[in-house]
Structure formats: C-alpha cells, structure tokens
Amino acid sequence: MKQVRQSEWHKQWEMLRDDELFLFTDWIYPNTLEDFTGKDVLECGCGGGQHTSFLSPYVKSITGVDLNTIDIAAKRCKGLKNVKLIEDDIATIDLKKQFDIVFSIGVIHHTDNPDKTVANLKKHVKSGGKLILWVYAKEGNFLARNIVEPFRKLFLKDMNRKIILFISKILTLLMYFPIYTIYLFPLKFLPYYEYFANFRKMSFCRNALNVFDKLNAPQVEFISRGRITKWFDEKEFKDVHISSYVNVSWRGSGEKI
C-alpha cells in the first residue's frame, strides 16, 4: 500500500532551504562526494532537491524520488541536465532498474514502515553498488522521543505551519544562551553535547530548520543500532560501515554482494 501524501513536508521545503554541504558529507561518511563521480545514482526522498543539486556536478545521472515535494526540487534543480525527478513512494516504487549508488538521507524514519522501505531500496542497488542511509537514532534521543514527540502529537499536529515556524525560531533563539555558555565547557555528559557543537557551526536559519523539522514531521520512528545493522546483513552486503553521528543518528553504508 502506497504511503499517503503529507502536506507538512511541502510546507517545510516551501518555507525553508538547506544549503549546509558539510552536513551532507558528514551524513554519507565514510563515503565522499568523489565516490559519486560518474555513477548512476538514486536518491530516495529528495525533499527540496538540496542533496540532488550537491551531487549533480559529480554524477553521471541522478534520479530523485519524492512523494510530496517534487515541484520544489524541480525548481532548485532547474537546468541540471543529469537530474531526473519522479513523484512516487520510495517504499513501493519499482523503477525496473538498478543503480550504482542508492541513498536516503533523513527520510526512512519518517515512512510508514522503515523496514519495508529499506527492502525496496535494496532492490534498486546493483551487485557491487552501494546503499547509503542516514536515520535518526533511538539511542541518544530520550528527550526527543519522550518529550518532543508527545508534545508535537498533542499540541502541534493540526497547527498552522507558519505558527510552528515562528515557535521554532523563538525556541532556536532561546537555545543560543546555553549552547554558547554552558555547552562551551568540556562537559560531555550533558545531553546533546556533540549535537550542539554542530549547532554552533550553522546559521540561525539552518538551526531553526532543525527545530522546525522536529515539530513539523507528521511521523517519526527512531531507529536502533540493532535495526540498522540488520538492514546491512552480511549475507547481502560487504564492507559495511555503521557509526553514530553526534550521538543522535546512525550512518550506514555497504556494498551489495
């Protein structure tokens, strides 16, 4: 069954924009931009087209699939001749083609069934090709799972997205004080210590996007290390890399056997 469209994502990428290349390169680690050179690539959940546009100068071709925001991605990628965009559900789509690299950044944990989604992505990776994933971690996200998510479901689900964006900007502003005072000390036991180190690298607008993303997402399923490890089973993949990113997310990649 195909996932239903979710207008929240269209609102997000209509109002906000992501241009932080360093985050993308961190999320695909240990893979690099150069690893995409000359490759046929499938991006599953292309959102506003930011990662698509980052990779276009490197790849032979890149096909971006998204159920909610293809029109926004098309505007960002206008004029990029090696980019193809398809409006469809990444959990059920069948492109009848396999790719050198299939990747999904920050999307699988928002799908109806992450396991089913990953299984479908695997079908599109050719033998010797790579699967690259980045997802929210169950580990390290106690506050997000037990405070932010219940609050979002109770109070924000049906709220106007422009109001949520305003709230996100206020919250972001309030976060600057502790992050630029207490979190400057080497107190690594503090929650989100490494995550907030990234906060200091980014603009106010990009940090507000992070906050808005947590309050806007219509659904999220935090992924355990054991679960992402199963996605890269040794019977299907070799040279597997799974690592934590700033203690709140998982990076996973491997070469399909």
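Our subject is the structure listed above.
A few points on the structure. What you see is a predicted model, and the numbers here were worked out from it, not measured in a lab.

A look at a nonpolar patch on the surface
And step 1. Nonpolar side chains collect at one region of the surface, where Phe166, Ile170, Leu171 and Leu174 lie side by side and expose about 390 Å² of accessible area between them.
And step 2. Relative to the elements of secondary structure, Leu174 occurs in helix α7 (residues 161-179).
And step 3. Owing to a relative accessible area of 58%, Leu174 belongs among the exposed residues under this scheme.

Let's talk about the pattern of salt bridges
And step 1. Applying the stated criterion to the full structure yields 12 salt bridges.
And step 2. Its salt-bridge partner being Asp19, residue Arg17 comes within 3.1 Å of it at the nearest N-O pair.
And step 3. According to the relative accessible area criterion, Arg17 is exposed, its value standing at 53%.
And step 4. Judged by relative accessible area, which is 43%, Asp19 ranks as partly exposed.

Notes on the nonpolar core
And step 1. Judged by nonpolar contacts, the single largest core of 33 residues is most densely connected at Phe24, Phe36, Val41, Leu55, Ile62, Phe103 and Ile105.
And step 2. When residues of this core are traced back to their parent elements, those giving at least two are α2 (21-27), α3 (50-55), β4 (99-105), β5 (125-136) and α8 (193-199).
And step 3. Apart from the residues lying within four places of it in its own chain, the contact partners of Leu55 are Phe24, Leu33, Phe36, Ile62 and Phe103.
And step 4. Core analysis: the second largest hydrophobic core is formed by 24 residues, Leu133, Val135, Ala137 and Ile228 among them.

Side note on the side chain of Glu43
And step 1. Position of Glu43 relative to the elements: it lies in strand β1 (residues 40-44).
And step 2. Despite being buried, Glu43 has no salt bridge partner; Arg76 is the closest side chain of opposite charge, sitting 9.8 Å away.
And step 3. Only 2.6 Å separates the side chain of Glu43 from the side chain of Thr52, close enough to count as a polar contact.

A word on the pairing of β4
And step 1. Of all seven residues making up β4, seven are buried, and the element is well covered by its neighbours.
And step 2. Strand direction decides the pairing type here: β1 and β4, joined by three bridges, are parallel. Looking at the pairing, Val41 lines up with Ile101 of β4.
And step 3. In this sheet, β5 lies alongside β4 in parallel orientation, the contact comprising six bridges. Paired with Ser104 across the two strands is Leu133, which belongs to β5.
And step 4. For the crossover that starts at β4, traverses helix α5 (residues 114-123) and ends in the parallel β5, the hand is right-handed.

Concerning unusual backbone geometry
And step 1. Look at the link from Tyr29 to Pro30: it is a cis peptide, with omega at 10°.
And step 2. The topology assignment puts Pro30 in the loop between α2 and β1.
And step 3. The backbone phi angle of Lys96 is positive, close to 55°, even though this residue is not glycine.
And step 4. If you trace the backbone, Lys96 turns up in the loop between β3 (83-87) and β4.
And step 5. With phi around 65°, Asn247 is a residue other than glycine that occupies positive phi space.
And step 6. In this fold, Asn247 is placed in the loop between β6 (237-245) and β7 (249-256).

Concerning the sheet that holds β5
Either a parallel or an antiparallel arrangement is found when strands of a sheet pair, and the pairing is made through backbone hydrogen bonds.
And step 1. What the seven strands build is an open sheet, ordered β3-β2-β1-β4-β5-β7-β6; its pairing is mixed. Where the open sheet ends on each side, the last strands, each with one partner, are β3 and β6. The mean inter-strand angle of the sheet, taken between neighbouring strand axes irrespective of direction, is 15°.
And step 2. Where β6 and β7 come together, seven bridges link them in antiparallel fashion. Residue pairing for β7: Phe237 is matched across the bridge by Lys256.

A short note on the packing of aromatic side chains
Each aromatic ring pair is described using two quantities: the centre-to-centre distance and the angle formed by the ring planes.
And step 1. Enumeration over the complete set of coordinates arrives at 17 aromatic pairs.
And step 2. Ring plane angle 65° and centroid distance 4.9 Å describe the contact between Tyr176 and Phe199, whose orientation is recorded as edge-to-face. Taken as a pair, Tyr176 in helix α7 and Phe199 in helix α8 lie far apart in primary sequence, 23 residues in all.
And step 3. Accessibility expressed as a relative area gives 22% for Tyr176, which makes it partly exposed.
And step 4. For the ring pair Tyr192 and Tyr195, a centre distance of 6.0 Å and an interplane angle of 65° mean the geometry is edge-to-face.
And step 5. Accessibility expressed as a relative area gives 18% for Tyr192, which makes it buried.
And step 6. Chaining the aromatic ring pairs together yields one cluster made of Tyr176, Tyr180, Tyr183, Tyr192, Tyr193, Tyr195, Phe196, Phe199 and Phe204.

Conventions used here
- Residue positions are given per chain, counted from 1 along the sequence in the order it is written.
- A pLDDT threshold of at least 70 governs which residues receive local features in this predicted model, and a stricter bar of 80 or more applies before side-chain atom pairs are shown or counted, although totals over entire chains, interfaces and linings include all residues.
- Values shown for side chains rest on all heavy atoms present in the structure; no hydrogens or waters enter the calculation.
- Patches here: salt-bridge-free residues with over 30% relative accessible area, like charges joined within 9 Å, nonpolar side chains (Val, Leu, Ile, Met, Phe, Trp, Tyr) joined within 5 Å.
- Here the Shrake-Rupley method, with its probe set to 1.4 Å, supplies the accessible areas, and only the displayed protein chains count as covering residues.
- Basic side-chain nitrogens of Lys or Arg form a salt bridge, by our definition, when they fall within 4 Å of a carboxyl oxygen of Asp or Glu.
- The numbering of helices and of strands both runs from the N terminus, where a helix is a DSSP run of H or I of at least 4 residues and a strand a run of E of at least 2.
- The buried label goes to any residue with under 20% of its type's maximum accessible area, the exposed label to any with over 50%, and the partly exposed label to all in between, with areas taken from a 1.4 Å probe on protein chains only.
- Nonpolar cores are built from buried Ala, Val, Leu, Ile, Met, Phe, Trp, Tyr and Cys residues. Side-chain atoms within 4.5 Å join them into one set.
- Any two residues whose heavy atoms approach within 4.5 Å at even a single point are treated as in contact.
- Only four residue types enter the charge count, namely Lys and Arg as positive and Asp and Glu as negative; His and the chain termini do not.
- N or O atoms closer than or at 3.5 Å make up a polar contact, with two conditions inside protein: a donor-capable atom paired with an acceptor-capable one, and, for residues adjacent in sequence, both atoms drawn from side chains.
- When DSSP finds at least two bridges between two strands, those strands are taken to pair.
- Call a crossover right-handed when, viewed with both strands pointing away from you, the route from the first strand across the helix to the second goes clockwise.
- Orientation is described by axes fitted as lines to C-alpha atoms, over the contacting stretch for helices, and by angles from 0 to 180 degrees between their N-to-C directions.
- Each Phe, Tyr or Trp ring, with Trp reduced to its six-membered ring, pairs with another whose centre is within 6.5 Å; inter-plane angles below 30 degrees give stacked pairs, above 60 give edge-to-face pairs, and intermediate values give tilted ones.

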